[in-house]
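# Descriptive analysis of the structure
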There are 2 protein chains.
Amino acid sequence: MVQEKKKDEMTLTQFLEAVAEGSATPGGGSVSALAGSLGAALVEMVVNLTLGKKGFEAQEAELKKIRQEVRSHREALAATIVQDIKAYQEVMIAYLLPKTSEEEKRKRKEEIQKSLKKAADPPLFTAATSLKVMKLCQEAVEKGNPNTISDAAIGVLLADAALLGGIFNVLINLSALDDKTYVEKMKKELRRLRLEGEKIKKSILGRVKEKIY
Amino acid sequence: MVQEKKKDEMTLTQFLEAVAEGSATPGGGSVSALAGSLGAALVEMVVNLTLGKKGFEAQEAELKKIRQEVRSHREALAATIVQDIKAYQEVMIAYLLPKTSEEEKRKRKEEIQKSLKKAADPPLFTAATSLKVMKLCQEAVEKGNPNTISDAAIGVLLADAALLGGIFNVLINLSALDDKTYVEKMKKELRRLRLEGEKIKKSILGRVKEKIY
């Protein structure tokens, strides 16, 4: 396990090493958040390679709006890399609470349930924000430089991996939760995110295939 | 455009910024290589969270072999982040060659064709190596700690995004190539990679759904 404070100052190599080693964090949750962030960065690139190019003057204001939004998603997703680690550490701490007396057992169980619910937040944020990135990607593809279609397509692949990865990690936390009403509500929301993401992915990959296959 | 020499020493934030800015590199090709590398790191993590655990003693030798192989793929894919940038720069340099005389035109065209063929190598390597990562991921899932299934699944999502991203970038280079025999041979190879990848992805995602949905 690495110190989370320096996480956003880590080099690519250090991050890869930290994922690979035998501790639970950073794991799939942090990698999903990074994948979403990489997807967002590619959408920004698509916009930046369009702005200022001849023939795209009319879309300038809309493209700048897309860029601003996707940049804020990129930064928020990058911050989630660390938030996911912290939330998971809270779960591990709760599991380590004493469980000798009945009162301790009750308290420990309560803390575990609370920390598991909270640990579902970062991956849910990753999934929901990656869907927003996918929507912005579709807008950028419609308004942007067609020469950047493969970068947009790779952006959507990364955002989609982040969306699904986020969903998997929410589901893992849900599986240990007692509050079944909450679990059902979350599962419904995850299905919605997934279906919307599927649709956008298909649309953009269809376009890239038309152009380069 | 950033100096490629320091690319592997870049922090996550610096890399994300470099992708987002309005230059052609690092772009989808480098992001795909990084995605493959992240997928490989997650497979290593799955193995590392299995080794030493009770009940997995019999698989120790095989798991160590998987870890060694996937680690070398992780490092090779991480190195491809920079190789992709360099290869693309060679293409841009070729396009800038003088084209006044007939001799210059002939020479320029030849250099462009040569650089395009070479620029297809890094993304082809990314695609082929990411498929190897997916195969090792499947082995790790079969032999590893079932509690790490979601990390393995996210690993396969990232490796699959890298496989497809690599394919897109090879196809872009092929689209400007005159050597049609070479193009057809490559397209056939890409189809094979894609189909094999699809199969493994479906199998691992099926398993994760069984466990956590």
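### Some thoughts on the interface of chain A and chain B
With 57 residues of chain A at the contact, the number on the chain B side is 57 residues. Between chain A and chain B, a total of about 4,600 Å² is buried, with carbon and sulfur atoms accounting for 72% of that surface. Our enumeration of links across chain A and chain B arrives at four salt bridges. Measuring nitrogen to oxygen at the nearest pair gives 3.2 Å for the salt bridge that ties B:R74 to A:E17. Inspection of the chain A/chain B interface yields twelve residue pairs in polar contact (both at pLDDT 80 or more). Elements represented by at least two residues in the side of chain A that touches chain B include exactly helix 1 (12-20), helix 2 (28-48), helix 3 (60-95), helix 6 (149-174) and helix 7 (180-212) of chain A. Among the elements that line the side of chain A that touches chain B, the one with the most residues is helix 6 of chain A, at 14 residues.

### A word on unusual backbone geometry
Cis geometry is found at the peptide bond from A:T25 to A:P26, where omega equals -10°. With respect to the secondary-structure elements, A:P26 resides in the loop between helix 1 and helix 2.

### Brief notes about the side chain of B:S30
Within the secondary structure, B:S30 sits in helix 2 (residues 28-48). The contact partners of B:S30, leaving out residues within four places of it in the chain, are B:F15, B:I81, B:D84 and B:I85.

### Observations regarding the packing of aromatic side chains
Going through the model one piece at a time under the given rule, you end up with zero aromatic pairs over all chains. Geometry around A:Y182 places A:K117 over its ring, the cationic atom sitting 4.6 Å from the centre.

### Some remarks on the relation of the copies chain A and chain B
Mapping chain A onto chain B calls for a screw motion: a turn of 180° about the axis and a shift of 0.0 Å along it, with 0.0 Å RMSD after fitting. Look at the turn and shift together and you get a two-fold axis relating the two. Of the C-alpha atoms belonging to chain A, the one lying closest to the rotation axis is found on A:T11, 1.9 Å away. Residue by residue, 100% of the interface of chain A is reproduced at the interface of chain B, so both copies engage with the same surface.

### Quick notes on the pattern of salt bridges
Where charged atoms from two side chains of opposite charge approach closely, those side chains can pair. Applying the stated rule across the entire model yields 40 salt bridges over all chains. A:E196 is the salt-bridge partner of A:K135, the closest N and O atoms lying 3.0 Å from each other. Placement of A:K135 in helix 5 (residues 121-143) and of A:E196 in helix 7 is noted, with a sequence separation of 61 residues between them. Across the pair B:K109 and B:D178 runs a salt bridge whose closest N-O atoms are separated by 3.6 Å. Within this pair, whereas B:K109 is found in helix 4 (residues 102-119), its partner B:D178 is found in the loop between helix 6 (149-175) and helix 7 (180-212), the two being separated by 69 residues in sequence. Residue class for B:D178 comes out partly exposed when judged on its relative accessible area of 44%. Bridged by salt links that share partners, the residues A:E17, B:E44, B:R71, B:R74 and B:E75 form one connected network.

### Details of the environment of B:T50
Residues and elements named next belong to chain B. Inspection of the secondary structure puts T50 in the loop between helix 2 and helix 3 (60-95). According to the relative accessible area criterion, T50 is buried, its value standing at 0%. Separated by 90 residues in sequence, T50 and A140 have C-alpha atoms that sit 9.2 Å apart. Discounting chain neighbours no more than four positions away, the residues touching T50 are F56, L63, K143, G144 and N145.

### Thoughts on helix 4 of chain B
Residues and elements named next belong to chain B. Taking 1.5 Å as the rise per residue, helix 4 with 18 residues should run 26 Å; its terminal C-alpha atoms sit 25 Å apart, in good agreement. Turning to helix 4, its buried residues are R108, I112, Q113, S115, L116 and A119. In this fold, the buried residues of helix 4 make contact with helix 3, helix 5 (121-143) and helix 6.

### So, the side chain of A:S130
Looking at the element boundaries, A:S130 is found in helix 5. The contacts of A:S130, once residues within four sequence positions are left out, are A:G36, A:L77, A:F125, A:A159, A:A162 and A:L163.

### Here's the deal with the packing of helix 2 of chain B against helix 3 of chain B
Residue and element names in this part refer to chain B. Where helix 2 contacts helix 3, the two axes come as close as 8 Å, and the packing angle between them is 165°. With respect to each other, helix 2 and helix 3 are oriented roughly antiparallel. Taken as a pair, helix 2 and helix 3 cross one another with a handedness that is left-handed. Contacts between helix 2 and helix 3 involve G29, S30, A33, L34, G36, S37, A40, A41, V43, E44, V47 and N48 from the first element and L63, I66, R67, V70, R71, R74, L77, A78, T80, I81, D84 and I85 from the second. Residue composition of the contact of helix 2 with helix 3, grouped by class: 13 nonpolar, six polar and five charged.

### A look at the packing of helix 6 of chain B against helix 7 of chain B
Residues and elements named next belong to chain B. Packing of helix 6 against helix 7 brings their axes to within 10 Å, and their N-to-C directions diverge by 165°. Classified by the interaxial angle, the pair formed by helix 6 and helix 7 is roughly antiparallel. Note that helix 6 runs across helix 7; the crossing there is left-handed. Of the residues that constitute the contact of helix 6 with helix 7, the class distribution is 19 nonpolar, two polar and six charged.

Rules behind the numbers
- Residues numbered from 1 in each chain as written.
- Chains lettered and ligands numbered in written order.
- Predicted model: local features only at pLDDT ≥ 70, side-chain atom pairs only at ≥ 80, totals over all residues.
- Heavy atoms only, no water.
- Contact = heavy atoms within 4.5 Å.
- Buried area = accessible area lost by both parts, 1.4 Å probe.
- Salt bridge = Lys/Arg side-chain N within 4 Å of Asp/Glu carboxyl O.
- Polar contact = N/O pair within 3.5 Å; in protein donor to acceptor, adjacent residues only side chain to side chain.
- Helix = DSSP H or I, 4+ residues; strand = E, 2+ residues; numbered from the N terminus.
- Phe/Tyr/Trp six-rings, centres within 6.5 Å; stacked < 30°, edge-to-face > 60°.
- Lys NZ or Arg CZ within 6 Å of the ring centre and 35° of its normal.
- Least-squares fit on C-alpha atoms with pLDDT ≥ 70 in both.
- Buried < 20%, exposed > 50% of the residue type's maximum accessible area, 1.4 Å probe, protein only.
- Expected span 1.5 Å × (residues − 1).
- Axes fitted to C-alpha atoms, helices over the stretch in contact; angles between N-to-C directions.
- Parallel < 35°, antiparallel > 145°, perpendicular 65-115°, else oblique.
- Left-handed = near helix turned anticlockwise from the far one by under 90°.
- Nonpolar A, V, L, I, M, F, W, Y, C, P; charged D, E, K, R; others polar.

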